[in-house]
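In case you want the letters, here they are:
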Amino acid sequence: MHATSLKRYAWLSIAAAVATILLKGSAWWLTGSVGLLSDALESFVNLAGAMMALAMLSLAAQPADHNHAHGHGKAEYFSSAFEGALILVAASSIGYAAVERLLNPQPLETVGIGLAISVVASIINLLTSRVLMGVGQRYKSITLEADAHHLLTDVWTSAGVIAGVALVWFTGWLWLDPVIALLVALNIVWTGWQLLQRSAAGLMDVSLPEAELRAIETILQRYRRHGLDFHALRTRQAGTRAFVSVHLLVPGAWTVQHGHDWSERIESDIRRTISHVHITTHLEPIEDPLSLADRGLDRHDEGRRE
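Keep in mind that what you see is a predicted model, and the values were worked out from it rather than measured.

Calculation rules
Residues numbered from 1 in each chain as written. Predicted model: local features only at pLDDT ≥ 70, side-chain atom pairs only at ≥ 80, totals over all residues. Heavy atoms only, no water. Salt bridge = Lys/Arg side-chain N within 4 Å of Asp/Glu carboxyl O. Helix = DSSP H or I, 4+ residues; strand = E, 2+ residues; numbered from the N terminus. Buried < 20%, exposed > 50% of the residue type's maximum accessible area, 1.4 Å probe, protein only. Core = buried A, V, L, I, M, F, W, Y, C linked by side-chain atoms within 4.5 Å. Contact = heavy atoms within 4.5 Å. Pairing = 2+ DSSP bridges. Axes fitted to C-alpha atoms, helices over the stretch in contact; angles between N-to-C directions.

A. A look at the pattern of salt bridges. Tallied over the full model, the rule gives four salt bridges. Ionic pairing is found between glutamate 267 and arginine 271, a salt bridge with its closest N-O pair at 3.6 Å. Remark: arginine 271 and glutamate 267 occur in helix H8 (residues 256–273); sequence separation between them is four residues, near one turn of the helix. Salt-bridge contacts for arginine 272 lead to aspartate 269; the nearest nitrogen and oxygen are separated by 2.3 Å. One end of the pair, arginine 272, and the other, aspartate 269, are both in helix H8, three residues apart, so they sit about a helical turn from each other. Under the relative-accessibility criterion, arginine 272 is labelled exposed at 63%. Exposure remark for aspartate 269: the relative accessible area of 13% places this residue in the buried category. The network of salt bridges with shared partners includes Arg222, Asp269 and Arg272.

Shown next, in the form of structure tokens:
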């Protein structure tokens, strides 16, 4: 699926965020619970993150150009990093509100209706997160995966808040409401930190997942029985697109056309295994010692023939 097609899922996330803001905001307004307030504030983060996701998916959908020969796929990492940062900001706001309420406890009102509204909002987030997670994992969109993880965290957070506020309602322990809010803040800090780490890894050209690397190596291994060899396998992930480069060692007596034909077969096998991948193969004569001189990222030309 092209990045342009993924944009409609960002719109789904935006719609869900607006709906949950209205619902959770109403729940907080009815009850006065700082725990429910923390839940509502996180929905504003969801909305900002979804809007950023839409912007970055729009940018990622742009084709390669003169200044961006490898496309714009890395724009998705800015979206997930932005959402991670927003989560940390929301956690700070929740923590501040919780401490203030802990110092100045207040009774809760209309709790039953408020909790019912929060349950409806959580169901919306749960259904939306499942849709986004499935699409994000299938098409390797870190933007949609990040949004899905955040929404799923919001669901569990809401479940804890609802249970805690209900307990306050039954027991009258007013101190429990701000304590729940503080626990919510700590939980979403962890989520934000994980998103920031994954975004940084993508911007630093992290390799493909281990399972995909093993699949590529299995394909290459099958061709060794035909007299070919390989080295300098390098991979990186850029949003929904994967990049693979490998040096293909072939008998020096082969014609360029014959070597190219084998290269095309190998690339075709890899493309059938990994979706949305760009492959670069470099042909080298297997008998020449210099063919193995650039196993590392930087090649040194000592001993090179003139």
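B. Highlighting the nonpolar core. Counting 28 residues, the largest nonpolar core has Ile94, Leu115, Val161, Val165 and Ile188 as the members making the most contacts within it. For this core, the elements supplying multiple residues, two or more each, are helix H2 (34–60), helix H3 (75–103), helix H4 (111–139), helix H5 (142–171) and helix H6 (176–203). Considering every element that reaches this core, the biggest residue donor is H6, with seven residues. Other than its neighbours up to four places away in sequence, valine 165 contacts Ser33, Leu36, Leu108, Val111, Leu115, Asp177 and Ile180. Of all hydrophobic cores here, the second largest spans 19 residues; its members include Leu208, Tyr223, Val244 and Ile274.

C. Region of interest: the sheet that holds strand S1 (residues 229–238). Taken in spatial order, the three strands line up as S1-S2-S3 in an open sheet, and their pairing is mixed. Two strands bound the open sheet, and with one partner strand each, they are S1 and strand S3 (277–285). When the angles between neighbouring strand axes are averaged without regard to direction, this sheet yields 10 degrees. Across nine bridges, strand S2 (residues 241–250) lies against S3 in parallel orientation.

Everything listed here is a matter of coordinates, which is why it stays silent on function.
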